[in-house]
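Here are the chains, one letter per residue:
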Amino acid sequence: MPADLVIVANRLPVDRVTQPDGTQGWRPSPGGLVTAIEPVMRANDGTWIGWPGGPSEDADAGDLDPFEADGLQLVPIGLTAEEIELFYEGFSNATIWPIYHDLVAKPEFHREWWDSYVKVNEKYAAKAASVAAEGATVWVHDYQLQLVPQMLRELRPDLRIGFYLHIPFPPAELFQQLPWRRQLLEGLLGADLVGFQLPGGAANFVRLVRQRVGHKTHRDLVYLPDGRTVRAAAFPISIDAAGFEALASDEAVVARAAEIREALGSPRRIFLGIDRLDYTKGIYARLRAYAELIETGELDVEDAVFVQVAVPSREQVEQYRILRDEIDRLVGRINGDLGRIGRPAISYLHSSYPREEMAALYTAADVMVVTPYRDGMNLVAKEYVACRTGDDGALVLSEFAGAADELRQAWLVNPYDINGMKAALLEAYRADGKELTRRMKAMRRTIKKHDVAAWADAFMTELADVEHSTHAKSVR
Ligand code: G6P
């Protein structure tokens, strides 16, 4: 059935997995994007187009059968092994990802990766064009699909098209390195509304469009020669705050949190980091800072433990493999040097966990440490706040996470400054109950007000208001 709302994202909200007995099953996909959009889909009865993970045999594997999972209408796009290598691991995650994250790692430029990016974007656009009802709204997501808006507009000028970038949009100085910069900008300009996490990203985009494509702009508007206008604005993403709060109040979760604390040897304070194992997340520097505090005796392994959960991610991409080895070595060395029997300095878990276990970890943790070098938003920081129903617990947060714009009462740190991080970790460790409550209360107010429903609402309302392409008059 043609859909009035179509979500297009690289991934479906579920990943196809083969069970040990050979049958097919599904599990939730990793990452913040899926976490954020799922509630929006449910509320709007939408259809979701995306990749179910893993390779498809057929070279034209665009055509897998649509299916329903957990009440969601899902339309899978198959990617071949070659497309996974060139489009997903290559152009998306080894070219765009590092450039858009401040060159934390060195990006690679390969023409065959770009060719595959174009081809796969065409596949998504064609699928969206075929499932969208007349005049439908199509919401395209994230850096893997930046060409889809323009491609889709060519196929279906009747559609209202929104695009949202979940990761940072870089300053012109970095973006300009991309040999395909103009094509990417033009791809995005196919949308009626282009959304970013922060106003800075939107401003970078508008400036680049003016400089590189030569269109007229005024504030957040771009005027195209055909009379169409495109709006670029910030919509900071959020979480299902009420859902997390309810989870944190659940008896089973509360019991599990107590069990976790006990299993860790009932330390006075539990520090916690939860990240995809990604070089943008600053895991290495954070663990070093913590280890130095133990070395100097400012913290003691009898009193404190650092639980670091690293969710496996993009394991075929070289930079991610290197990072995993580095973290393995570092954790081994820290625990070998500083741990005692039954008292590791760092309790390291390379695994992903369901929401209930995450909520139990957030509930158990006294100090949540989120220190990326660059992050679009970082939903983990917001999830922690939502779970602190007792208005306690400390958040140490990088200035370079989008979340820092809203969570001003966190202990804000520069993740490149190890001494600064050490000082913040100690302050958070030593803070008294009154101080913690003052800060947490304010952050909880923010999160409750700006939850994921408010985010989606703001974007959809704005998209509905943008003067629509086919009827647009020239505004110049
Ligand atoms: C981030 C990106 C998402 C991506 C997720 C997981 O949240 O913004 O687009 O899906 O990471 O990464 P993966 O490569 O496993 O999809």
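This report concerns the structure included in the present document. (Residues numbered from 1 in each chain as written. Predicted model: local features only at pLDDT ≥ 70, side-chain atom pairs only at ≥ 80, totals over all residues.)

## With respect to the overall build of the protein
What counts is decided by this rule: Starting at the N terminus, helices and strands are each numbered in turn, a helix being any DSSP run of H or I of at least four residues and a strand any DSSP run of E of at least two. Radius of gyration: over C-alpha atoms. The globule rule applied is 2.2 Å multiplied by the number of residues raised to the 0.38 power. Three exposure classes are used. Buried residues have 20 or more other C-beta atoms within 10 Å of their own C-beta, exposed residues have 12 or fewer, and partly exposed residues fall in between, all C-beta atoms being placed from the backbone. The contact criterion used here is simple: two residues whose C-beta atoms, placed from the backbone, lie within 7 Å are in contact.
A tally of regular secondary structure across the protein gives 16 helices and 18 strands. Against the compact-globule benchmark of 23 Å for 476 residues, the protein has a radius of gyration of 23 Å, which places it among compact chains. The principal-axis extents of the C-alpha atoms in the protein amount to approximately 70 × 55 × 45 Å. The 476 residues of the protein split such that 50% are buried. Partitioning the contacts of the protein with sequence separation of at least 6, the portion at a separation of at least 24 is 76%.

## A closer look at the sheet that holds strand β5 (residues 67-69)
Stated precisely, the cut-off is as follows: Whether two strands pair comes down to DSSP finding at least two bridges between them. Fitting a line to C-alpha atoms yields each axis, with helices limited to the stretch in contact; the angle taken between N-to-C directions then spans 0 to 180 degrees.
Read across the open sheet, the ten strands follow the order β5-β6-β4-β1-β7-β8-β9-β12-β11-β10; overall the sheet is mixed. A strand with exactly one partner marks an edge of an open sheet, and here the two such strands are β5 and β10 (216-218). Put simply, the sheet's adjacent strands are angled 25° from each other on average, direction ignored. Relative to strand β12 (residues 229-234), strand β9 (residues 193-196) runs parallel, the two being bridged by four bridges. Note on β12: the bridge partner recorded for G195 is A233. Along the sheet, helix α7 (residues 199-213) contacts β9, β10, β11 (221-223) and β12; its crossing angle with β12, the most-contacted strand, is approximately 150°.

## What about the sheet that holds strand β17 (residues 394-398)?
Taken in spatial order, the six strands of this open sheet run β15-β14-β13-β16-β17-β18, and their pairing is parallel. Edge positions in the sheet fall to β15 (346-350) and β18 (411-413), since each of these pairs with one other strand and no more. When the angles between neighbouring strand axes are averaged without regard to direction, this sheet yields 15°. Of the strand pairs in this sheet, β17 and β18 are connected by three bridges, and their pairing is parallel. Bridged to L397 within β18 is L412.

## Concerning the nonpolar core
Worth spelling out the cut-off: In these notes, a nonpolar core means any group of buried Ala, Val, Leu, Ile, Met, Phe, Trp, Tyr and Cys residues linked to one another through C-beta atoms within 7 Å.
Within the largest apolar cluster, 157 residues are counted, with the highest numbers of intra-cluster contacts made by V8, V138, L395 and V396. Here the element with the most residues in this core is helix α2 (residues 81-100); it accounts for nine residues. Non-local contacts of V8, meaning those with residues more than four positions away in its chain, are made with I49, Y124, A128, V138, V140, H141, L145 and V148.

## Some remarks on the pairing of strand β2 (residues 14-18)
Sheet faces and side chains relate simply in a regular strand, where the side chains alternate between the two faces. When β2 meets strand β3 (residues 24-28), the two strands line up antiparallel, connected through five bridges. Each bridged residue has a counterpart across the sheet, and for D15 the counterpart in β3 is R27. Hairpin geometry of β2 and β3 is characterised by an intervening segment of five residues between the two adjacent antiparallel strands and by a positive phi of about 90° at G22.

## Some thoughts on the packing of helix α8 (residues 241-249) against helix α13 (residues 379-387)
Worth spelling out the cut-off: Here is the rule for angles: anything less than 35 degrees is roughly parallel, anything more than 145 is roughly antiparallel, 65 through 115 is roughly perpendicular, and the remaining ranges are oblique. By convention, the crossing between two helices is left-handed when the near helix turns anticlockwise from the far helix through less than a right angle, and right-handed when the turn is clockwise. Basically, the charged four are Asp, Glu, Lys and Arg, the nonpolar ten are Ala, Val, Leu, Ile, Met, Phe, Trp, Tyr, Cys and Pro, and anything else, Gly included, counts as polar.
The geometry of α8 relative to α13 is characterised by a closest axis approach of 8 Å and an angle of 55° between their N-to-C directions. By the angle class used here, α8 and α13 are oblique. Every pair of crossing elements has a handedness; the one defined by α8 and α13 is right-handed. Counted together, A241, F244, E245 and A248 of α8 and E383, A386 and C387 of α13 form the full contact between these two elements. Residue composition of the contact of α8 with α13, grouped by class: five nonpolar, no polar and two charged.

## Observations regarding helix α4 (residues 148-155)
In an α-helix, one turn spans 3.6 residues; hence positions three or four apart end up facing the same way. In terms of burial, α4 is a largely internal element, six of the eight residues being buried. Taken as a whole, α4 has its buried residues at V148, P149, Q150, M151, L152 and R153. Buried residues along α4 sit in contact with β1 (3-11), α3 (111-131), β7 (132-141), β8 (160-164) and α6 (181-188).

## As for unusual backbone geometry
Most peptide bonds take the trans configuration, and most residues that are not glycine carry a negative phi. A positive phi is found at N378, a non-glycine position, where the angle reads about 85°. Mapping N378 onto the fold places it in the loop between β16 (367-370) and α13. Positioned with a positive phi, D391 is a non-glycine residue whose angle comes to about 55°. Relative to the helices and strands, D391 resides in the loop between α13 and β17.

## Quick notes on the packing of α13 against helix α15 (residues 433-449)
The contact between α13 and α15 brings their axes to 9 Å, and the two run at 110°. By the angle between their directions, the pair α13 and α15 is classed as roughly perpendicular. In this structure, α13 crosses over α15, and the sense of that crossing is left-handed. Counted together, K382, V385 and A386 of α13 and M440, M443, R444 and I447 of α15 form the full contact between these two elements. Here the residues of the contact of α13 with α15 are counted per class, giving five nonpolar, no polar and two charged.

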